[in-house]
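Structural overview for review
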Amino acid sequence: MTSRYVLDPTGERSVAERELLARPETIAGLRVGLLDISKPRGDVFLDRLETMLQEAGAIVQRYRKPTFTKPAPVDLRHEIATQCDVVIEALAD
Amino acid sequence: MSARPNLPDGLVIVVKEECETCRMVAPLLPSIAEHGPLTVFTQDDPEFPKELEAVHDADLAVSWHHDVETVPTLVRVVDGVEAERTVGWSQSEWRRITGIGDLGADLPPMRPGCGSLSVDPDRIDELRVRFEGGRLRSRRIELAALEDDIEAMFARGWTDGLPVVPPTEQRVLAMLDGTTRAADDVVASVPPDLVDVTVEKVAIAAVMAGCRPEYLPWVLTTIEAVCTDEFNMHGVLATTMPVGPVIVCSGPGTVAIGMNSGVNALGQGNRANLTIGRAVQLVVRNVGGGRPGGVDRATHGNPGKLSFCFAEQPHSPFGTLAESRGAPAGANAITVFAGEGPRCIVDQLSREPESLARSLAACLRTLHHPKLVLAFDVILVMGPEHARVFADAGWDRQRVLAELDACLQLPGAELVRGAGGIAEGLPEQFADATLPKFRPGGVLLATAGGAAGLFSAMIGGWANGTVGSQPVTREVGT
């Protein structure tokens, strides 16, 4: 039987394996970003988280995507990456 | 892939022994050779023509690379460049190109040639791979000897749940003949993984979907349209709502490629309708990485996410949707819309346009929820019998849309949360307002369907505007 070939229909993109960061020992003193993706009532959830995180000694910064339907703009992602140690993204409805 | 052989200066004639016209002109060749440099290429029999020595174009490289479709072909080459050519036997043309005034005096004035071996249907796919296969960049994947071709496509996760046509080099190269664009041309960056997709990868998806090459420009343009920021394919894929790209095709090209805008236009049975939409979704799946359960989070989805593509009637009393959205009159164009499955609107009694407008509006009001307004657009696919009611009364597109809008001004008291004993609805602050069901331009009117049936169809959209998806209309390229 002769060889049969087909052409790869995928994007042929090899995904780079990325290692997870080490889990922080404590959140006291950490800069924690809270990203609101603009879904209704996401703020309710994040308000509560903010209170709890502050009680635990975290420095909380709030961010908001313009719309939940699109990926976060690159500037916003950069801002969070440079200003925070960890980030929590909330999905709510 | 072989290099393109150059043609020698002077006259070049390509013949095959099997061709009667070639055999008829063979005796003229020595006298042409006496007049100046002549090279004869023979495609089949290396001994032909017996009148003089010919070069055997055994692998058909000369014929292929110089686009010889008919034999005999007579070409005059000057400084390595083709200056003129004639195909078949035309006494006047051969005399003009050879400069021999009495050439073939005893032959008929004209005789058509035969098909070149290089375009023989039994050979062309193999030749295309031999001579043009090198321009393909995709990884070649070998199938195991005992593997069934169709099962192999499923096993690799490349299908939408239905069998696909295996994308062999032969099929992909034949598909690429459907466009003037280069195979390595980048068409768009496909969400969700934002991978650049080339014409070649789109052609692969088109083969798998079952397209014919003439559909490829429609697929390419649709990919461009759905991958815009306005259409927001990422969001359309990721949403829990049951939407996917709905493709409305407009213009005379829909007839040329055999699309259906008539009986069962939104249904099964037409190759172009079904495979164009399917190819687009296969690109999103295989190139963009958008898969159900992955980034595609639809709660229910809808069967149209396999393919939802139809043509508008070419002679609608309202003109085409694409024209109404800025495409040039008579242009081939597509409009992409993030839409759910179609729903039937029945009105078999209205013969007055006012009554029918009220009827359509009453159904349109229920889109997604009768108490939700302004958030969603709709495609209203008007059936020809409904369209006739309006056309006979002299209502044009603007009039129909204006009357629908007038019927869809809704009292806020019916829309707010709690009204009608239903929690869903608008905030209380809108209780005293009057709100339209649709934003301006939010009703996209298209005409399609069979000649019998006093029905229309509505296709509900996803979150509209800049926060969601905007319909996108584009002229179809080549």
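Note that this is a predicted model, so its numbers are computed, not measured.

**Comments concerning the overall build of chain A**
Within chain A, the secondary structure is distributed over two helices and four strands. The globule rule puts the C-alpha radius of gyration for 93 residues at 12 Å, and the 19 Å found for chain A is more than 25% above it. Expressed as lengths along the three principal axes of its C-alpha atoms, the size of chain A is roughly 70 × 35 × 25 Å. Looking at chain A as a whole, 14% of its 93 residues are labelled buried.

**Regarding the overall build of chain B**
The secondary structure content of chain B amounts to 17 helices and 21 strands. By the compact-globule yardstick of 23 Å for 478 residues, chain B is too spread out, its C-alpha radius of gyration being 29 Å. Principal axes of the C-alpha set define a box for chain B whose edges measure 100 × 55 × 35 Å. Of the contacts made within chain B by residues no fewer than 6 positions apart, 76% connect residues no fewer than 24 positions apart.

**A word on the sheet that holds strand β3 (residues 55-56) of chain B**
Residues and elements named next belong to chain B. Read from one edge to the other, the open sheet built from five strands follows the order β3-β2-β1-β5-β6, with strand pairing classed as mixed. Either end of the sheet is taken by a strand with one partner, and the two such strands are β3 and β6 (81-87). One ladder, built from five bridges, connects strand β1 (residues 10-15) with strand β2 (residues 38-42); its direction is parallel. Across the sheet, V12 pairs through a bridge with T39, a residue of β2. Packing against the sheet, helix α4 (residues 91-98) makes contact with β1, β5 (73-78) and β6, and its axis sits at approximately 160° to β6.

**A short note on the interface of chain B and chain A**
Counting residues at the interface gives 29 residues for chain B and 16 residues for chain A. Broken down by secondary-structure element, the contributors of at least two residues to the side of chain B that touches chain A are β10 (140-143), α7 (169-176), α8 (199-209) and α10 (233-238) of chain B. Where strand β1 (residues 4-7) of chain A meets β10 of chain B, four bridges bridge the pair, whose relative direction is antiparallel. The residue bridging Y5 of chain A from the neighbouring strand is E142 of chain B, located in β10 of chain B.

**Regarding the domain arrangement of chain B**
All names here are of chain B. Each assigned domain of chain B is listed with its residue range as follows: domain 1 (10-133) and domain 2 (169-475). Each of domain 1 and domain 2 has a C-alpha centre, and the two are 52 Å apart. Residues that form the side of domain 1 that touches domain 2 fall into these classes: one nonpolar, one polar and three charged.

**A look at the sheet that holds strand β3 (residues 59-64) of chain A**
All names here are of chain A. Ordered in space as β3-β2-β4, the three strands form an open sheet in which the pairing is parallel. Among the strands making up the open sheet, the edge pair consists of β3 and β4 (86-90). Averaged over all pairs of adjacent strands, the angle between strand axes in this sheet comes to 25°, irrespective of strand direction. Pairing between strand β2 (residues 31-36) and β4: five bridges, direction parallel. Paired with L35 across the bridge in β4 is E89. Strands β2, β3 and β4 of the sheet are contacted by helix α1 (residues 42-55), whose axis makes an angle of about 170° with β2. Where helix α2 (residues 74-83) meets the sheet, its contacts fall on β2, β3 and β4, and the angle it forms with β2 comes to roughly 160°.

**A look at the packing of helix α5 (residues 124-132) of chain B against α7 of chain B**
Geometry of a packed helix pair, given as the angle between the helix axes and the separation of the axes. Residue and element names in this part refer to chain B. The contact between α5 and α7 brings their axes to 9 Å, and the two run at 85°. It follows from the interaxial angle that α5 and α7 lie roughly perpendicular. On the side of α5, the interface is formed by D125, R128, V129 and E132, while α7 contributes E169, Q170, L173 and A174.

**Section: the environment of D125 of chain B**
Note that D125 of chain B resides in helix α5. Those residues in contact with D125 of chain B that sit more than four places away from it in its chain are Q170 and A174 of chain B.

**Some thoughts on the environment of L216 of chain B**
Its location among the elements puts L216 of chain B in helix α9 (residues 216-226). For L216 of chain B, the residues in contact, after removing those within four places along its chain, are M175, G178, T179, A203, A206 and C211 of chain B.

**Describing the nonpolar core**
The nonpolar side chains of soluble globular proteins are, as a tendency, buried together. Residues and elements named next belong to chain B. Core analysis: the largest hydrophobic core is formed by 101 residues, its most contacted members being V202, A206, V219, I223, V283 and V378. A per-element tally of this core places α8 first, with nine residues. Once residues lying within four places of it in the same chain are set aside, the contact partners of V283 are V190, V197, V202, A205, I223 and G288. If you look at the next biggest cluster of nonpolar residues, it comprises 25 residues, including L28, L29, V68 and W94.

**A word on unusual backbone geometry**
Of note, the amide linkage connecting F48 of chain B to P49 of chain B takes the cis form, showing an omega dihedral of -5°. Following the sequence through the fold, P49 of chain B ends up in the loop between β2 and β3. The peptide bond linking P191 of chain B to P192 of chain B adopts the cis configuration, its omega dihedral lying at 0°. Mapped onto the fold, P192 of chain B is located in the loop between β11 (186-190) and β12 (195-198). The phi dihedral of R41 of chain A is positive, around 70°, even though this residue is not glycine. Relative to the helices and strands, R41 of chain A resides in the loop between β2 and α1. Overall, R41 of chain A belongs to the exposed group, with 10 C-beta atoms counted inside 10 Å. Its identity as a non-glycine residue notwithstanding, H368 of chain B has a phi of 60°, on the positive side. Within the secondary structure layout, H368 of chain B lies in the loop between α14 (353-364) and β16 (376-382).

Criteria and cut-off values
Residues numbered from 1 in each chain as written. Chains lettered and ligands numbered in written order. Predicted model: local features only at pLDDT ≥ 70, side-chain atom pairs only at ≥ 80, totals over all residues. Helix = DSSP H or I, 4+ residues; strand = E, 2+ residues; numbered from the N terminus. Rg over C-alpha atoms; globule rule 2.2 N^0.38 Å. Buried ≥ 20, exposed ≤ 12 C-beta atoms within 10 Å, placed from the backbone. Contact = placed C-beta atoms within 7 Å. Pairing = 2+ DSSP bridges. Axes fitted to C-alpha atoms, helices over the stretch in contact; angles between N-to-C directions. Domains from an automatic or database assignment. Nonpolar A, V, L, I, M, F, W, Y, C, P; charged D, E, K, R; others polar. Parallel < 35°, antiparallel > 145°, perpendicular 65-115°, else oblique. Core = buried A, V, L, I, M, F, W, Y, C linked by C-beta atoms within 7 Å.

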